[in-house]
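So the chains spell out like this:
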Amino acid sequence: MTDVGRHPRIKSMTLSEVEDVAGYIGNFRVKVRKKARYVNENECTACAECVDICPVIMPDEYQMGFSSRKAIYIPFPQAIPSSYVINMEDCLGNNPIACGKCLEKCDKRCIDFDMQDEIIELNVGAIVVATGIDVYDPTELDEYGYTRFENVVTSLEFERLICAGGPTDGHFVRPSDGRTPKRIGFIQCIGSRAYKRGHPYCSNVCCMNTVKDSLLLKEHYPDTEITVFYIDIRAFGKGFEDLFNRSKKMGVRYLRGLPDHIIEDPDNGNLRLKVENTTAGRIEEFEFDMLVLSVGLEPRQDGEQLRHILSLSQTSDGFLAECHPKLMPVDAPTRGMFLAGCVEAPKDIKDSVTQASAAAARAGIILSANKIKLEAATAVVDKEKCTCCEVCVPVCPYGAITASRSEKIPAEVTEAMCAGCGTCAAECQFGAISIRHFDDEQYMAQIEAALEENPRDKAIVFACNWCSYAASDLAGTSRFQYPPNIRVIRTMCSGRVNEKFILHAFKLGAPVVLVSGCHFADCHYIDANRWTQRRMDRLWNRLERLGIRPERLQLEWMSAAEGQRFAQVMAEIEEMRAKVSRQEIKNTKEVLRKRESKKKRVTAALGSSA
Amino acid sequence: MSDDSLRIGVFVCDCGMNIAGFVDCEEVRQYAEGLEDVVVSSRNRYTCSDPGQNEIKKTIQEQALNRVVVASCSPRLHEPTFRNCMAEAGLNPYLLEMANIREHCSWVHSNNREAATRKTKDIVKMAVARARFLKPQQEREIPVTDAVLVIGGGIAGIQASLDLANTGHMVYLVEKQPTIGGMMAQLDKTFPTMDCSI
């Protein structure tokens, strides 16, 4: 921590939040809000004069509420920056009648009640996301009485109670009467490996944390009787099994089975429980002076906003998704962004440090390069075909297109800003925009090849590279089986899927077409898939008018993590496909052929009259 | 309509038994040989391996290929591999098309060899159809700002910041709380070595 504080190349901003990120790999523009601290952090020497005089007493968050702090405070003695901060929600304010005492007391004049939030703009080439986790709140598990019984604490509260820097200076006592407990129970998997309340995944660190806690207790108070209630003890890492064995050798009892509820003895605050010892096959009864709930880890509650700012996706457990679970485990799906620590999945300190170093090395590859190459897939305008209608201008999520109808200036794409989603190409009614490497004739050729033989047996599926195509890959790596009748066509974004691709597929006899993309919040091109939705709405209406059942065009949103859902959707698509009759397909083909020849005649007439 | 100047090579990958175990790869290879503008179709045990890539390079030169279709795994996995391979053989990397016959076929239809083989042929045919319209592309080069944003000042953010700063890059570390340190600062001792957290 101190190394960060004094490093000449690290500018650390506390009380700060990222508000906006624009740009792309190598060239991100970031807006950070540095909230007012009300204390000049460069001048403050943490002399404590202001703290002594502050009349406000609040629970100390760092000590998990076991002690108190003032409205002006330092979170803990080793905090970086080593400066006080005023929590304005607690402070009585700089009103001579109400308070303002700290202001008078500070000789260095570090306190400034008029301090404003600052907006800092940064230019960076890469971003490392290391926003961490929340700890599971066991309040909902009422049978364990966390909110009702004083001597039931969480494992994080335990940390404060046994820490030399804690509220009791490391003298381990129980909250109800301040006595050192003799019999302590630990209950594992609180909020983890649970399907109804809590989370289905294993939180990775709690078993070893309890093993560690048991050893700390045994070292400080060798006579303590400790019982750990568990489902499985997962001691898989280097040195872990040794530590577990040490704990058992020191007399800690590990019992396989979780109690279903806890009863408090109101006279002495002791806790009683019954548990099925599933190894021995018998019911056992216990009385404890104190119980520790070994709480799991969960995604940060406040993580959603940042996730949207960064356009990152999450896996089904709510943690951020990596680019590839094995081969690119620290790269985020957006180029130039990297994940480190628990934001990607619950992990212990060693793994967090390892992943952080890996993320640093990966980011370093970009930062050390003078120049980097960008994908070639960008939009190109054919100025001959462009009618200056401006339709493409608002659809671009990046504002990369300019055009003017009134001044007859055809569309122009700023290439460095174009990410290649292809929405403009799909929305252009005049075929004036094409996407490099993903142009119309390539898609038409794929559709024709897919439907050349036995079209009635096949459903065409458009899948976006980042989410639904990734989901189809995950279905593959997970070996989820589904019917073999779908033909997948990859687009970078669902926004690329032109109406004419879909109508072409129907004209060639496809019974069903599915367009799929990222969930709205997860679109890798900001909000390009909103245009997909609008286009599909429009097309459903048109199909209805043409007498083609709109249900034959399906739209699905799925994330990269939804491999199982992909397989399920494919099974549903196959069911729909089987229900489309030969006659229906024949009628569709006829309708669309007629429509096409009519269109040709109109175009020809317009051409001759011009 | 066949374009005389097009010379497509198709490389069907067995991927050990990952594809060959569920799909008749030889049948697919022969089928690809008959597709429009395909001048050579070959099979390899692992196309992504060095021998596999060397064969692509050799064939590009010997057969004067100007389009390459690799029928193997997802482009999300090995497109960069084969693009590099093409560049090394002197072909524009954008003249590559991948047919995803593993994730999209052999692994998800592993109980129906006949249907899987039929679908594989279609996937290869679609890839060849697209390959015929591929054009060489130039990637844009852009300058890089030599600075990094680290969001979160817990142990992971601190470690990443120090590593990056020590390799000479400017680091902006953004932390929501009034101090850095994160969750770890609240712990007393840490496993497995039982040392202090701060």
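Computed from a predicted structure; not experimentally measured.

1. Focus on the overall build of chain B
Argument step 1. Helices and strands together make up the secondary structure of chain B, namely six helices and nine strands.
Argument step 2. Taking 198 residues into account, the globule formula puts the C-alpha radius of gyration at 16 Å, and chain B, at 24 Å, lies well above it.
Argument step 3. For chain B, the C-alpha atoms occupy an extent of roughly 70 × 45 × 30 Å along the three principal directions.
Argument step 4. Here the analysis covers contacts within chain B between residues at least 6 apart in sequence; of these, 66% occur between residues at least 24 apart.
Argument step 5. Summed over all atoms, the accessible surface of chain B reaches about 7400 Å², with 48% contributed by carbon and sulfur.
Argument step 6. Between the averaged position of the 21 positive side-chain charges in chain B and that of its 25 negative side-chain charges there is a distance of 5 Å.

2. Notes on the packing of aromatic side chains
Residues and elements named next belong to chain A.
Argument step 1. If you walk through the whole model with that rule in mind, you get 14 aromatic pairs over all chains.
Argument step 2. For the ring pair Phe286 and Phe288, a centre distance of 5.6 Å and an interplane angle of 5° mean the geometry is stacked.
Argument step 3. Assessed through its relative accessible area of 13%, Phe286 is described here as buried.
Argument step 4. Ring plane angle 40° and centroid distance 5.0 Å describe the contact between Tyr443 and Phe501, whose orientation is recorded as tilted. Of this pair, Tyr443 sits in helix α11 (residues 440–450) while Phe501 sits in helix α13 (residues 499–507), and the two are 58 residues apart along the sequence.

3. Quick word on the interface of chain B and chain A
Argument step 1. With 81 residues of chain B at the interface, the matching set in chain A holds 125 residues.
Argument step 2. Buried area between chain B and chain A, summed over both chains or domains, comes out near 9100 Å², and the portion from carbon and sulfur atoms is 62%.
Argument step 3. For the chain B face of the interface with chain A, the top three residues by lost area are Arg76, Arg140 and Phe191 of chain B, together amounting to 9%.
Argument step 4. At the boundary of chain B with chain A, the tally comes to 10 salt bridges.
Argument step 5. For Arg76 of chain B, the salt bridge identified is with Asp473 of chain A, shortest N-O distance 3.8 Å.
Argument step 6. In this assembly, chain B and chain A are joined by 55 residue pairs in polar contact (both at pLDDT 80 or more).
Argument step 7. The set of elements that each furnish at least two residues to the side of chain B that touches chain A consists of α3 (75–88), α4 (102–106), α5 (113–131), β5 (140–143), β6 (147–151), α6 (155–166), β7 (170–174) and β8 (189–190) of chain B.
Argument step 8. Of all the elements, α6 of chain B adds the most residues to the side of chain B that touches chain A, at 12 residues.

4. Structural notes on the domain arrangement of chain A
Argument step 1. Once the domains are mapped, chain A shows domain 1 (134–298) and domain 2 (439–595).
Argument step 2. Computed from C-alpha coordinates alone, the two centres of domain 1 of chain A and domain 2 of chain A are separated by 52 Å.

What counts as what
Residues numbered from 1 in each chain as written. Chains lettered and ligands numbered in written order. Predicted model: local features only at pLDDT ≥ 70, side-chain atom pairs only at ≥ 80, totals over all residues. Heavy atoms only, no water. Helix = DSSP H or I, 4+ residues; strand = E, 2+ residues; numbered from the N terminus. Rg over C-alpha atoms; globule rule 2.2 N^0.38 Å. Contact = heavy atoms within 4.5 Å. Areas by Shrake-Rupley, 256 points an atom, 1.4 Å probe, with all protein chains shown as cover. Lys, Arg positive; Asp, Glu negative; His and termini not counted. Charge placed at Lys NZ, Arg CZ, Asp CG, Glu CD. Phe/Tyr/Trp six-rings, centres within 6.5 Å; stacked < 30°, edge-to-face > 60°. Buried < 20%, exposed > 50% of the residue type's maximum accessible area, 1.4 Å probe, protein only. Buried area = accessible area lost by both parts, 1.4 Å probe. Salt bridge = Lys/Arg side-chain N within 4 Å of Asp/Glu carboxyl O. Polar contact = N/O pair within 3.5 Å; in protein donor to acceptor, adjacent residues only side chain to side chain. Domains from an automatic or database assignment.

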